[in-house]
Amino acid sequence: MAERFFTINQFSFSKNDFPPKGAAHNKALHLTVKYDGYYVKRVMLDGGSGVDICPFSTLQRMEIGTERIRPNNVCVRTFDDIKRDTIGEIDLILTIGYVNFEVTFHVLDMDTSYNFLLERPWIHAARAYLLLSTRW
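Fair warning: this is a prediction, and the values are worked out from it, not measured in the lab. (Residues numbered from 1 in each chain as written. Predicted model: local features only at pLDDT ≥ 70, side-chain atom pairs only at ≥ 80, totals over all residues. Heavy atoms only, no water.)

**Here we look at the packing of aromatic side chains**
Operational definition: Centre distance within 6.5 Å is the pairing criterion for rings of Phe, Tyr and Trp, where only the six-membered ring of Trp is used; planes under 30 degrees apart are then read as stacked, over 60 as edge-to-face, and the remainder as tilted. Only DSSP runs of H or I with at least four residues qualify as helices, and only runs of E with at least two residues qualify as strands; both kinds are numbered from the N terminus onward. The buried label goes to any residue with under 20% of its type's maximum accessible area, the exposed label to any with over 50%, and the partly exposed label to all in between, with areas taken from a 1.4 Å probe on protein chains only.
By the definition in use, this model includes one aromatic pair. Both rings, one in Phe105 and one in Phe116, keep their centres 4.6 Å apart while their planes meet at 20°; by these two values the pair is stacked. Separated by eleven residues along the polypeptide, Phe105 in strand β7 (residues 99-108) and Phe116 in strand β8 (residues 116-119) bring together distant segments of the chain. Judged by its relative accessible area of 0%, Phe105 falls in the buried class.

**A few points about the pairing of β8**
This is how it is decided: Here a strand pair is declared whenever DSSP counts at least two bridges between the two strands.
Of the two faces of β8, the one carrying Phe116 and Leu118 and the one carrying Leu117 and Glu119 are both buried. Across four bridges, the pairing between strand β2 (residues 38-46) and β8 is parallel. Bridge pairing in β8 links Leu45 to Leu118.

**Description of unusual backbone geometry**
The residue Asp36 is not glycine, and still its phi comes out positive at about 45°. Along the polypeptide, Asp36 turns up in the loop between β1 (29-35) and β2.

**Let's talk about the pattern of salt bridges**
Put simply, the test is: Within this document, salt bridges are pairs made up of a side-chain nitrogen of Lys or Arg and a carboxyl oxygen of Asp or Glu, the two lying within 4 Å of each other.
For the coordinates displayed, the defined rule picks out two salt bridges. For Glu89, the salt bridge identified is with Arg70, shortest N-O distance 3.1 Å. With Glu89 in strand β6 (residues 88-96) and Arg70 in the loop between α2 (56-61) and β4 (75-77), this pair connects stretches of sequence that are 19 residues apart. Looking at Arg70, the relative accessible area reads 32%, which means it is partly exposed.

**Comments concerning the side chain of Glu119**
Cut-off, in case you're wondering: Note on contacts: a residue pair is in contact if any heavy atoms of the two residues lie within 4.5 Å.
If you trace the backbone, Glu119 turns up in strand β8. Setting aside residues up to four positions removed in sequence, Glu119 forms contacts with Asp46, Ser49, Gly50, Val51 and Asp52.

The structure is reproduced here in C-alpha cells:
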C-alpha cells in the first residue's frame with residue numbers, strides 16, 4: 001500500500017480494505033511516511049490527539065542525534081491516562097505523498113505501538129494543503 005501511495009501520490013480504500021465490521025470499525029489509521037531517506041511505518045493518525053508525538057526509540061533507529069532535541073516543559077497525558085514529561089521537541093520534515101511537511105514533535109521516552117503520532121491540527125492543515133495543491 002505505501003509503495004502505491006508514494007508512486008501515484010494518492011491513496012484510497014476499497015470494500016476489501018475494511019475489517020469485517022465494515023466502516024463502523026474503530027481501528028486506527030496508520031500511514032507510511034518518508035524522512036530523510038527512511039520509510040517510517042506505523043505512523044498513526046489520531047484525530048483526538050492534541051500534540052504530535054515521536055518516541056525517543058524512533059529517533060534512535062533513524063540515527064538522529066539528541067543535540068537536535070530542544071528542551072521544553074511540556075507534560076502530556078498518554079492513552080493510559082498517565083501524565084508524562086517530554087524529553088523535549090524536535091522539528092522533522094516528513095514527506096507524505098509528494099508533499100513535505102515540517103512537524104514539531106514532542107519526544108517521549110516510552111514504549112508505543114507507533115513510530116509517530118500525528119494529531120488533529122496537522123491532519124486538517126495537511127488535508128487543506130493537499131486539496132489546494134492537487135487542484136492545479
